[in-house]
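# Structural overview
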Amino acid sequence: MDKNKFEATQGEVNDEMKWVHDSSVDHKGRVPFRASTGSWKASLFIIAIEFSERLSYFGIATSLILYLTRVIHQDLKIAVRNVNYWSGVTTLMPLFGGFLADAYLGRYITVIASCIIYLMGLVLLSLSWFLPGLKPCDHINMCSEPRRIHEVVFFLAIYLISIGTGGHKPSLESFGADQFDDDHAEERRQKMSYFNWWNCGLCSGLILGVTVVVYVQDHVNWGVADIILTVVMAFSLVIFLIGRSTYRYRAPTGSPLTPMFQVLVAAISKRKLPYPSDPTQLYEVSMFEGSNGRFLAHTKKLKFLDKAAILENEGNLAEKQGPWKLATVTKVEEMKLIINMIPIWVFTLAFGICAAQTPTFFIKQGAIMDRKIGNNGFEIPPASIFTLAAIGMIISVAIYDKILVPVLRKLTGNERGMNILQRIGFGMFFSVVTMIVAALVERKRLEAVEMNPSKGSLSMSVFWLAPQFLIIGIGDGLALVGLQEYFYDQVPDSMKSLGIALYLSVIGAANFLSSLLITIVDQVTGKIGKSWFGKDLNSSRLDRFYWLLACITTLNLFMFVFFARKYSYKNVQKVAVADCYEGKSDGSRAEIIV
């Protein structure tokens, strides 16, 4: 009898696991069937469109410094500043796009809408090269100053691409992560690998962008390259739409910022109330009222916010107080999560500043060095050197996912191998090494120019830059992928797209800070002697600038480690518990019934 009862119960559990109960729905609005939706079968469609978007983005981004200096004839400082402004806007726009996706449009619709805007930018970019009235000049090779209308249309086109990226990046990446169920052990592990292989797809697009597309830009013309990017982007959008029936969707939940303000208002209004001696007295809804039974454990940090969850008197029912007067423990903890992320965000900016040098000064260095391969006279396009960074990233991601994680799981017992912030910290260390290597190589290049002014940097092979590109790529494979996973995993469930946008905003804010730092260094060094940034690289002292970045990033890394050691990871539970103080585990998931 007991055996039959056990088998019946086991059968019910197995039947239940056939369906996904994580608030997602299939394309017809029903509870998704696990075997036919989500997981890798859906993510492959999503990674495919990311591949084409990154091909387009890096095909433009890595050559932008060359376009501005060669076609639009801007000075080096102005061109670098314009590249940083564009990169900054492109990586800060996702904050707006992610908010719209989470609050109102949903991730799927946001991806489609942003792809259309992206395509409009690519089409306009193509027209700016071919339409007679929009071309830079009648004879491109003899053009000393482009038409004003070309500059206006060109910048309008690339900023349309920025807007498209603003909706595309946070929505698509979080939409891909949504295809994995955190409450299913196998899918949860697949999700940990998802961010690694997402970046491999990204790097594959990057490699084609900085080799094939850049080769066309160099040896045919920029317009033909823009047409190729437009066709590839349109084709990938069709592929994304074909996968519609395999996706799991999440409905937008309204502004994710409103609950944060409600917690703050409630805590301030009850600031004079005494803190309860027993945290179990703080208000939390029952498991039947909660959102899919997902609750956050109460933590001891930022206790002032806990006052938002205090019931003023036992006779005052929670239902009558409203969300601006009373918040649940889970809502309070979500507010704490966001506040705890602020130091992590701030102390990863130095890493972003180092990364900002790759598509600007690193590429410009390569443009004036010997890029010939073999005796046949083949010359590598300057932007193609960026391939080495992508290769470094792919190597580090593959080694991390396939070798380090399995080994570390056995050693540490942590499902991730090492926690997310440790991974980011190691990546930041590689950025310090990159700046040191870059400073040494640039000093050698300047010495070569001094010894042979007529030949200049052409006496040095471009492959002298290979180490700094490879090392920054390895750092990206650790830090950038770690940042993606950190901001997606640690934000509240209603803010997943915004979480990815926060990761991107690190790079965006760092680009603006890089421009600001260049301006400050230029003014300071100009007043006390010769500016480190001349009209060209041979009259500049980039080696000193790289040493400065190495020092800044080293000091920053110590601050990052300090806050990372104190950080408490998000603790999700299947049912509400009285109290569960934070531990040092990474993304622990309690399944406690009380």
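Residues numbered from 1 in each chain as written. Predicted model: local features only at pLDDT ≥ 70, side-chain atom pairs only at ≥ 80, totals over all residues. Heavy atoms only, no water.

## As for helix α10 (residues 329-346)
Between the first and last C-alpha of α10 there are 27 Å, a value that for 18 residues agrees with the 26 Å anticipated at 1.5 Å per step. Among all positions in α10, only V329, T330, V332, E333, E334, M335, K336, L337, M341 and I344 are buried. (Helix = DSSP H or I, 4+ residues; strand = E, 2+ residues; numbered from the N terminus. Expected span 1.5 Å × (residues − 1). Buried < 20%, exposed > 50% of the residue type's maximum accessible area, 1.4 Å probe, protein only.)

## Some thoughts on the packing of helix α6 (residues 185-219) against helix α15 (residues 466-490)
Their axes nearest at 10 Å, the elements α6 and α15 cross at an angle of 135°. Between α6 and α15, the angle falls in the class oblique. Handedness of the crossing formed by α6 with α15: right-handed. Contacts from K191, M192, F195, N196, W198 and N199 of α6 reach α15 at V481, Q484, E485 and Y488. Its residues placed into classes, the contact of α6 with α15 shows five nonpolar, three polar and two charged. (Axes fitted to C-alpha atoms, helices over the stretch in contact; angles between N-to-C directions. Parallel < 35°, antiparallel > 145°, perpendicular 65-115°, else oblique. Left-handed = near helix turned anticlockwise from the far one by under 90°. Contact = heavy atoms within 4.5 Å. Nonpolar A, V, L, I, M, F, W, Y, C, P; charged D, E, K, R; others polar.)

## Re the side chain of T525
Here T525 shows up in helix α16 (residues 496-528). Beyond its immediate stretch of four places on either side in the chain, T525 contacts K530, S531 and W532.

## Things to note about the packing of aromatic side chains
According to the stated counting rule, one finds 34 aromatic pairs in the structure shown. Ring centres 6.4 Å apart and planes at 55° place the aromatic pair Y67 and W129 in the tilted group. Of this pair, Y67 sits in helix α2 (residues 39-70) while W129 sits in helix α4 (residues 107-130), and the two are 62 residues apart along the sequence. A residue is classified by how much of its surface remains accessible, and W129, at 8% relative accessible area, is buried. Pairing F175 with Y247 gives two aromatic rings, centres 5.2 Å apart and planes at 75°, and the pair type is edge-to-face. Note that F175 is positioned in helix α5 (residues 148-177) and Y247 in the loop between α7 (222-242) and α8 (258-269), a separation of 72 residues in sequence. Assessed through its relative accessible area of 2%, F175 is described here as buried. (Phe/Tyr/Trp six-rings, centres within 6.5 Å; stacked < 30°, edge-to-face > 60°.)

## Structural notes on the packing of helix α11 (residues 349-356) against helix α12 (residues 358-367)
Where α11 contacts α12, the two axes come as close as 6 Å, and the packing angle between them is 35°. Within the contact between the two elements, α11 uses C354, A355 and A356 and α12 uses T358, P359 and T360. A breakdown of the residues in the contact of α11 with α12 according to their chemical character gives four nonpolar, two polar and no charged.

## Concerning empty space enclosed by the protein
Counted by the stated rule, this structure contains three cavities of 30 Å³ or more. Here the largest cavity is characterised by a volume of approximately 530 Å³. Every residue lining the largest cavity is counted, 29 residues in all, and those nearest its centre are R54, Y57, F58, L480 and I507. (1 Å grid on protein atoms, 1.4 Å probe; cavity = no way out; pocket = protein on both sides within 12 Å on 5 of 7 lines; lining within 4 Å. Points joined across faces, edges and corners; volume = space filled by probe spheres on them.)

## Examining a nonpolar patch on the surface
Where nonpolar side chains cluster on the molecular surface, the patch consists of I391, I395, I399, I403, L404, V407, L411 and L470 and spans about 670 Å² of accessible area. Per-element tally for the nonpolar patch: the top contributor is helix α13 (residues 387-412), with seven residues. Topologically, L470 is positioned in helix α15. Taking relative accessible area as the criterion, L470 reaches 31% and is therefore assigned partly exposed. (Patch = residues over 30% accessible without salt bridge, like charges linked within 9 Å, V, L, I, M, F, W, Y side chains within 5 Å. Areas by Shrake-Rupley, 256 points an atom, 1.4 Å probe, with all protein chains shown as cover. Salt bridge = Lys/Arg side-chain N within 4 Å of Asp/Glu carboxyl O.)

## What about unusual backbone geometry?
A negative phi angle is the norm for most residues apart from glycine, just as the trans form is the norm for most peptide bonds. For H73, which is not glycine, the phi dihedral falls at a positive 60°. Within the fold, H73 resides in the loop between α2 and α3 (76-105). Take H73: its relative accessible area is 36%, and that puts it in the partly exposed class. Of note in this structure, L302 is not a glycine but carries a positive phi near 50°. Assignment of secondary structure puts L302 in the loop between β1 (295-296) and α9 (303-306). Assessed through its relative accessible area of 36%, L302 is described here as partly exposed.

## Some points on α16
If you check α16, its first and last C-alpha atoms are 48 Å apart, about what 33 residues at 1.5 Å a residue would give, namely 48 Å. In the structure, α16 departs most strongly from a straight axis at L504, where the bend amounts to approximately 30°. (Bend = angle between axes of the 7 residues up to and from the residue.)

## Digging into the environment of V561
In this fold, V561 is placed in helix α17 (residues 542-566). In this structure the C-alpha to C-alpha distance between V561 and Q422, which are 139 residues apart in sequence, comes to 8.4 Å.

## Overview of the nonpolar core
Of all hydrophobic cores here, the largest spans 148 residues; its most connected members are F240, F361, L421, F469, Y486, F545 and Y546. Here the element with the most residues in this core is α2; it accounts for 14 residues. Excluding residues that lie within four positions of it along the chain, F545 makes contacts with Q357, F361, L517, I518, V521, W532 and F533. (Core = buried A, V, L, I, M, F, W, Y, C linked by side-chain atoms within 4.5 Å.)

The analysis is restricted to geometry; functional conclusions fall outside its scope.
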